[in-house]
Amino acid sequence: MRFYIAGGVGDQGRNCFYVQGERHAFLVDAGTSTDGMDRVPDLTLEQIRSADYLFVTHSHRDHTGAIHFLEENGFTGQVLMSNQTYRQIHHKPLNTMILDSTAPELELSTDFRVIWGRTGHCAGAVWFLIEIEGKKLFFSGDYREGDPFYRCDEVRGMKADLAVVDAAYSREDRGSEMREEVMKTVEEMVKDNHPLLLPVPHYGRGLSIAVLIHQRLGDAHPVYMSPKLYDEWLNLAHRKYFARDAVLDMPYSVFKAWDEEHVEEGGIYLLTDAQLAKSYSRHLADENPDMGILLTGSVHGYGRAGEYLSEGRAKFTLWPNHLTRREMQDFKESNYFSIVVPFHNPKEEADADTFIF
Ligand SMILES: [Zn+2]
Ligand SMILES: [Zn+2]
């Protein structure tokens, strides 16, 4: 069995892994880079054309941005993903197989089986355990336990010959402490009843942060959402498969739809423009000098978010939707993995590009 890293290890985005056995070959994720260059995975035409399947962990561009590139270069295999992932991606693959959430196991042939579970990272995100020709390979995808909104099928006691595990955050604390830090900053920023702006992506941490704020602050600080995020709330809040029990009990009316224009004292506004790249977002920030801005995810080179941060106009506290180094260690210790490949961290290299086992 040959496992090949085509991107995503010691890299910015571009997550992609190729596995070749005696009889089968497959890919897991096909992302583009997040450094602004949209680099595609390092795959030969032969590798692309030999893959029977592409397993997609979730919709984010660093895992799906290169699907079209694969198809243009002769990939004709089936693309497996959850229904939520399919809904969220822009380029719909030609040959998709939707994973059945009621039966998280699939036999692709007698020596090729796949099991999956939810990762808690965003709606539709899954991990995969792939059993092929007598070997087992585990792919965590972007993995987050304990999220206030998304369910996670926690991985414990799992055996695999090789595991590709989320190692995105180079820090020694855990997710629960990181969430506490975000909440402390939020409370600090609204204590004088100033409005607070939280730029978030369309799919991901927005709903998680909103739920935790509501659980902590109740009605004292109403939470407003951009129309796109509010749609997600209506779409997902009562879906048993992805939302946690505490969320299923919350009425839709706990959050309010926002016109992305009017701002009131003490209100908390979730804006679906994570990098503040749109001109109306900047207008909003400039028109409301009293409004705090809290960034909770990685700040990229485009948009005004980075500038606001360096000028002191915005604050930054990272919201966890990946594993920290400490949690990656916990994860290794509670499972049985012979080889571990840490991914999703530009500073974390693997021992090699190819593993043969
Ligand atoms: Zn992701
Ligand atoms: Zn990712």
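Residues numbered from 1 in each chain as written. Chains lettered and ligands numbered in written order. Predicted model: local features only at pLDDT ≥ 70, side-chain atom pairs only at ≥ 80, totals over all residues. Heavy atoms only, no water.

As recorded in an unreviewed UniProt entry, the chain goes by Metallo-beta-lactamase domain-containing protein and comes from Dialister hominis.

Caption draft 1: Broad picture of the nonpolar core. Judged by nonpolar contacts, the single largest core of 35 residues is most densely connected at Phe149, Ile213, Trp233, Phe255 and Ile268. Breaking this core down by element, the ones donating at least two residues are α5 (175-190), β12 (196-199), α6 (205-217), β13 (223-225), α7 (227-236) and β15 (268-271). Broken down by element, this core gets its largest block of residues, seven residues, from α6. Both domain 1 (2-169 + 322-356) and domain 2 (175-316) contribute no fewer than three residues apiece to this core. If we ignore the near neighbours within four places in the chain, the residues touching Ile213 are Met183, Val186, Leu198, Gly218, Val223 and Ile268. Within the second largest apolar cluster, 27 residues are counted, among which are Val19, Trp116, Ile130 and Leu137. (Core = buried A, V, L, I, M, F, W, Y, C linked by side-chain atoms within 4.5 Å. Buried < 20%, exposed > 50% of the residue type's maximum accessible area, 1.4 Å probe, protein only. Helix = DSSP H or I, 4+ residues; strand = E, 2+ residues; numbered from the N terminus. Domains from an automatic or database assignment. Contact = heavy atoms within 4.5 Å.)

Caption draft 2: How the structure looks around the coordination of the zinc ion (ligand 1). Coordination sphere of the zinc ion (ligand 1), protein contribution only: His58 (NE2), His60 (ND1), His121 (NE2) and Asp142 (OD), at 2.2 to 2.4 Å. Mapped onto the sequence, the residues coordinating the zinc ion (ligand 1) show the spacing H-x1-H-x60-H-x20-D. A spacing of 3.3 Å is found between the zinc ion (ligand 1) and the zinc ion (ligand 2), which share Asp142 as a donor. (Donors = N, O, S within 2.8 Å, 3.2 Å for Na, K, Ca; no water.)

Caption draft 3: Molecular detail of unusual backbone geometry. The backbone of Asn193 shows a phi angle near 65°, a positive value even though the residue is not glycine. Position of Asn193 relative to the elements: it lies in the loop between α5 and β12. Looking at Asn193, the relative accessible area reads 35%, which means it is partly exposed. Phi is positive for His344, close to 75°, though the residue is something other than glycine. Note on placement: His344 falls in the loop between β18 (336-343) and β19 (354-356).

Caption draft 4: Spotlight on the sheet that holds strand β9 (residues 126-132). Strand order in the open sheet formed by six strands is β7-β8-β9-β10-β11-β18, with mixed pairing between adjacent strands. Both outer strands of the open sheet, β7 (105-109) and β18, are each paired with one neighbouring strand and no more. Adjacent strand axes in the sheet meet at a mean angle of 20° when their direction is disregarded. Bridge count for β9 against strand β10 (residues 135-139) is five bridges, and the pairing is antiparallel. By the bridge assignment, Glu131 is partnered in β10 with Lys136. Contacting β10, β11 (159-166) and β18, helix α11 (residues 325-333) runs over the sheet at an angle of about 160° to β18. (Pairing = 2+ DSSP bridges. Axes fitted to C-alpha atoms, helices over the stretch in contact; angles between N-to-C directions.)

Caption draft 5: Fine view of the packing of aromatic side chains. As enumerated under the stated definition, the model contains 24 aromatic pairs in all. Here Phe17 and Phe343 contribute two aromatic rings whose centre-to-centre distance is 5.8 Å and whose plane-to-plane angle is 85°, an arrangement assigned as edge-to-face. Of this pair, Phe17 sits in strand β2 (residues 16-20) while Phe343 sits in strand β18, and the two are 326 residues apart along the sequence. Taken individually, Phe17 and Phe343 each receive the classification buried, so the pair is uniform in this respect. (Phe/Tyr/Trp six-rings, centres within 6.5 Å; stacked < 30°, edge-to-face > 60°.)

Caption draft 6: Region of the structure containing the coordination of the zinc ion (ligand 2). Here the zinc ion (ligand 2) is held by the protein donor atoms Asp62 (OD), His63 (NE2), Asp142 (OD) and His344 (NE2), which lie 2.0 to 2.2 Å from it. What the four donor atoms of the zinc ion (ligand 2) show is an angle range of 87 to 169° at the metal, which sorts the shape as irregular. Here the donor residues for the zinc ion (ligand 2) map to a single chain with the spacing D-H-x78-D-x201-H. (Tetrahedral: all angles 85-135°; square planar, octahedral: opposite > 155°, others 65-115°.)

Caption draft 7: Local environment of the pattern of salt bridges. Going through the model one piece at a time under the given rule, you end up with 22 salt bridges. The partner of Asp245 in a salt bridge is Arg151, and the shortest N-O contact between them spans 2.7 Å. Taken together, the residues span a long stretch of sequence, with Asp245 in helix α8 (residues 245-248) and Arg151 in the loop between β10 and β11 at a distance of 94 residues. On the basis of relative accessibility, which here comes to 22%, the residue Arg151 falls in the partly exposed class. Residue Glu180 is joined to Arg216 by a salt bridge in which the shortest nitrogen-to-oxygen separation is 2.6 Å. Within this pair, whereas Glu180 is found in helix α5, its partner Arg216 is found in helix α6, the two being separated by 36 residues in sequence. What makes Glu180 partly exposed here is its relative accessible area of 37%. Connected through salt bridges with shared partners, the residues Asp11, Arg14, Asp35, Arg39 and Asp42 form a single ionic network. (Salt bridge = Lys/Arg side-chain N within 4 Å of Asp/Glu carboxyl O.)

Caption draft 8: Geometry of empty space enclosed by the protein. Counted according to the given criterion, the structure contains two cavities of 30 Å³ or more. Here the largest cavity is characterised by a volume of approximately 50 Å³. Around the largest cavity, the lining residues are Gln88, Cys122, Ala123, Tyr150, His202, Tyr203, Gly204, Leu207, Leu229, Glu232 and Leu236. Of the residues contributing to the lining of the largest cavity, the split by class is seven nonpolar, three polar and one charged. The residue makeup of the lining of the largest cavity includes at least three contributed by each of domain 1 (2-169 + 322-356) and domain 2 (175-316). One number sums up the size of the second largest cavity: a volume of about 40 Å³. Ser82, Asn83, Leu99, Asp100, Ser101, Trp116, Val126, Tyr241 and Phe242 together form the lining of the second largest cavity. (1 Å grid on protein atoms, 1.4 Å probe; cavity = no way out; pocket = protein on both sides within 12 Å on 5 of 7 lines; lining within 4 Å. Points joined across faces, edges and corners; volume = space filled by probe spheres on them. Nonpolar A, V, L, I, M, F, W, Y, C, P; charged D, E, K, R; others polar.)

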